[in-house]
Amino acid sequence: MSDEEHHFESSDAGASKTYPQQAGNIRKGGYIVIKGRPCKVVEVSTSKTGKHGHAKCHFVAIDIFTSKKLEDIVPSSHNCDVPHVNRVDYQLIDISEDGFVSLLTDNGSTKDDLKLPTDEALLTQLKSGFEEGKDIVVSVMSAMGEEQMCALKEVAPK
């Protein structure tokens, strides 16, 4: 036996960021990975099979973080990657000067690693509500290792 010590890098629990789904089963309103980006499907059209070919699915989708439109054509019998998309609500505690927000999680701890949203309308609504001292709950969407604020709502004080 050798006297060397082995050092192993720690990583996540091995949970995949995506799961496979047959292209023919993905519907409008569902999610799909196109060009490595998590997207929400806005349009699906299926072409008929050719003489020797497969039916093809044409997907038009919007990137859930950048709102860019992406398209892809996949044989309907092939598998596509579908991202695991989570949406969690947090209460807003503070907005820091460096462009990050402080959020309160359900278990009482704080989450301080989220940047302010890039969407101008959402950003102004968030800042004005915070300055007025309103209780604000933000919805955070996460997929494939990325997180971003996607919506907010004001909560009436109890």
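None of these values were measured; they are calculated from a predicted model. (Residues numbered from 1 in each chain as written. Predicted model: local features only at pLDDT ≥ 70, side-chain atom pairs only at ≥ 80, totals over all residues. Heavy atoms only, no water.)

**Side note on the overall build of the protein**
- Across its full length, the protein carries one helix and 11 strands.
- Start at the N end of the protein and walk to the C end: the helices and strands fall as β-β-β-β-β-β-β-β-β-α-β-β.
- With 158 residues in all, the protein has 32% of them scored as buried.
- Of the contacts made within the protein by residues no fewer than 6 positions apart, 48% connect residues no fewer than 24 positions apart. (Helix = DSSP H or I, 4+ residues; strand = E, 2+ residues; numbered from the N terminus. Buried < 20%, exposed > 50% of the residue type's maximum accessible area, 1.4 Å probe, protein only. Contact = heavy atoms within 4.5 Å.)

**Re the environment of Ile 62**
- Tracing the sequence through the fold places Ile 62 in strand E4 (residues 56–63).
- In this structure the C-alpha to C-alpha distance between Ile 62 and Pro 38, which are 24 residues apart in sequence, comes to 8.5 Å.
- In this structure Ile 62 touches Pro 38, Cys 39, Lys 40, Val 42, Ser 67, Lys 68 and Lys 69, once residues within four positions along its chain are discounted.

**Comments concerning the sheet that holds strand E3 (residues 37–47)**
- Read from one edge of the open sheet, four strands run E2-E3-E4-E5, paired in antiparallel fashion. At either end of the open sheet lies a strand with only one pairing partner, and these are strand E2 (31–34) and strand E5 (69–75). Neighbouring strand axes in the sheet, compared pairwise and without regard to direction, differ in orientation by 45° on average.
- Pairing geometry for E3 and E4, over eight bridges, is antiparallel. Across the sheet, residue Ser 45 finds its bridge partner in E4, namely His 58. (Pairing = 2+ DSSP bridges. Axes fitted to C-alpha atoms, helices over the stretch in contact; angles between N-to-C directions.)

**Observations regarding the sheet that holds strand E10 (residues 135–143)**
- Strand order in this open sheet of five strands is E9-E8-E7-E10-E11, and the pairing throughout is antiparallel. Since the sheet does not close on itself, it has two edges, and those belong to strand E9 (110–115) and strand E11 (146–155), each with one partner. Along the sheet, successive strands turn relative to each other by an average axial angle of 45°, direction set aside.
- Two strands pair when backbone bridges link them, and strand E7 (residues 85–95) and strand E8 (residues 100–104) are joined in this way by four bridges, in the antiparallel orientation. Along E8, the bridge assignment pairs Ile 95 with Val 101.

**Here we look at the nonpolar core**
- Core analysis: the largest hydrophobic core is formed by 15 residues, its most contacted members being Leu 92, Val 101, Leu 103, Leu 126, Val 138, Val 140 and Met 149.
- The next biggest cluster of nonpolar side chains, apart from the first, holds 13 residues, and it includes Ile 32, Cys 39, Leu 70 and Cys 80. (Core = buried A, V, L, I, M, F, W, Y, C linked by side-chain atoms within 4.5 Å.)

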